[in-house]
Amino acid sequence: MGARILGIESSCDETAAAVVADGREILSSVVASQIDIHRKYGGVVPELASREHLRQIVPVVREAMTRANLQFADLDAIAVTQGPGLVGALLVGITYGKTLAAALGKPLVPVNHLAGHVHAVFLEAAKTGRVAKLPAVCLIVSGGHTVLYEVKQQSAVPYEEGGELTYRKISQTRDDAAGEAYDKVAKLLGLGYPGGPILDRLAAAAGDVPAPVKFGPTKTRGNALDFSFSGLKTAVLYHVRETPEYATEIAAREAALARGERNFEQLLPLCSTKTLALIREFQNAVVRDLVERTLVAASQLHAESILVSGGVAANSQLRTSFEERARAAGLEVLFPSRALSTDNAAMIAAAAYPRFCVCAFADTSLNADAGLALS
Ligand code: KG4
Ligand code: ZN
């Protein structure tokens, strides 16, 4: 057994810990989600997130060690998300990680959360012995991020043997992240939080009734590869406001949510065919913009593969569309499993491995960096 790294992730609303060997093999991965706490506010409340991380961090790390069947003394390093994320939330993981590393006399490896999302794809590929071909274009698409990176090997050592990677940002969202648009549209339609999973399923149930409104591709001035989702969200809002017949069903769904009835089977009968077609049209627009720009970037940069990660990478239509378009372009597309798409600590422990190999350690002065860039 090679290097065993304990990863700790607390950048947003998931408290997570995992042990990964050599950046490839997941020995354990524990995620405590705070969705139930933030649901009634329709989004993550930073103050509540920090408090919940404080409550969860110790049991979550213990559980990860137990499931890996390891003692703290067996670890080779502690890795912790340094940023980007919510500063109060990050500080919980960092303080705990620093303390643990100092108490055990083990190295501390700071990790960029976005590098974690890239490594989530590699972790998934490693499960089936696959290796992503580099250079790649990576789309990270979640509730907090929508960004395209070019990912290259830094040296002759391949990434799967711990070689370091270089990341170059190609484009990003000018306004809302794609997941944020899903969450806001779901909220205005009375479909609860988070919006992605329920809208994904309702869009698939829409059939082919005509859309009540059409959303064209968004254009961004300057960098044509930048994304923008707030205009789409506002277009949905105006359409719903201008169409009084939606009001009754929205009220009925909000009443159902208040009774705790929030799953697909409970909400589907409360959606008219018109609402389902509207959701399908919204999702078509999001998926089209994400896939188009990623493929253009891949072609411009002569990428050998496309990597897609982050919470929205769980979307079924996004996956199918990427698979079809990438195949047509002769490119390989790789996704993490749904569990590795959303925030987790296995991806943090995996991203720490190349840093561990070059002894890129932090000391006790390590601080959270809410806006940490990936380069
Ligand atoms: O990566 P993540 O767990 O947290 C961060 O935002 O960092 O992503 C959560 C986001 C939420 O906005 C959620 O609505 C969206 O991912 N999401 C989805 C799906 N599952 C989760 N969006 C579209 N389709 C899905 N199936
Ligand atoms: Zn994330």
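For the structure, check the block above.
Our subject in this report is the structure included herewith. Predicted, not measured: the structure shown is a model, and the values here were computed from it.

Describing the overall build of the protein
- Looking only at helices and strands, the protein features 13 helices and 10 strands.
- For 375 residues, the compact-globule estimate of 2.2 N^0.38 gives 21 Å, and the C-alpha radius of gyration of the protein, at 21 Å, lies within 12% of that figure.
- Looking at the 375 residues of the protein, the share that counts as buried comes to 54%.
- Looking at the protein as shown, the accessible area adds up to about 15,600 Å², and 52% of this sits on carbon and sulfur atoms.
- With 37 positive and 39 negative side-chain charges, the protein shows a spacing of 3 Å between the two charge centroids.

Brief notes about the packing of helix α2 (residues 46–68) against helix α3 (residues 87–104)
- For the pair α2 and α3, the least separation of the axes is 9 Å and the interaxial angle reads 30°. The angle between the axes of α2 and α3 places the two elements in the roughly parallel class. The element α2 and its partner α3 pack so that their crossing is right-handed. For the pair α2 and α3, contact is made by S50, H53, L54, I57, V58 and V61 and by G88, A89, V92, G93 and Y96, respectively.
- A per-class count over the contact of α2 with α3 returns seven nonpolar, four polar and no charged.

Describing the coordination of the zinc ion (ligand 2)
- For the zinc ion (ligand 2), every protein donor is listed as H113 (NE2), H117 (NE2) and D343 (OD), and the spread of their distances is 2.1 to 2.2 Å.
- Mapping the donors of the zinc ion (ligand 2) onto the primary sequence gives the spacing H-x3-H-x225-D. Separated by 230 residues along the polypeptide, H113 in helix α4 (residues 113–127) and D343 in the loop between α12 (338–341) and α13 (346–357) bring together distant segments of the chain.
- For H113, a relative accessible area of 3% gives the class buried.
- Note on D343: relative accessible area 13%, which makes it buried.

Here we look at helix α10 (residues 273–300)
- Helix length check: α10 (28 residues) gives 40 Å between terminal C-alpha atoms against 40 Å at 1.5 Å per residue, within 8%.
- Among the 28 residues that make up α10, 20 are buried, leaving the element largely enclosed by the rest of the structure.
- Positioned one or two residues after α10, H302 has a phi angle of 55°, which is positive.

Cut-offs and rules
Residues numbered from 1 in each chain as written. Chains lettered and ligands numbered in written order. Predicted model: local features only at pLDDT ≥ 70, side-chain atom pairs only at ≥ 80, totals over all residues. Heavy atoms only, no water. Helix = DSSP H or I, 4+ residues; strand = E, 2+ residues; numbered from the N terminus. Rg over C-alpha atoms; globule rule 2.2 N^0.38 Å. Buried < 20%, exposed > 50% of the residue type's maximum accessible area, 1.4 Å probe, protein only. Areas by Shrake-Rupley, 256 points an atom, 1.4 Å probe, with all protein chains shown as cover. Lys, Arg positive; Asp, Glu negative; His and termini not counted. Charge placed at Lys NZ, Arg CZ, Asp CG, Glu CD. Axes fitted to C-alpha atoms, helices over the stretch in contact; angles between N-to-C directions. Parallel < 35°, antiparallel > 145°, perpendicular 65-115°, else oblique. Left-handed = near helix turned anticlockwise from the far one by under 90°. Contact = heavy atoms within 4.5 Å. Nonpolar A, V, L, I, M, F, W, Y, C, P; charged D, E, K, R; others polar. Donors = N, O, S within 2.8 Å, 3.2 Å for Na, K, Ca; no water. Expected span 1.5 Å × (residues − 1).

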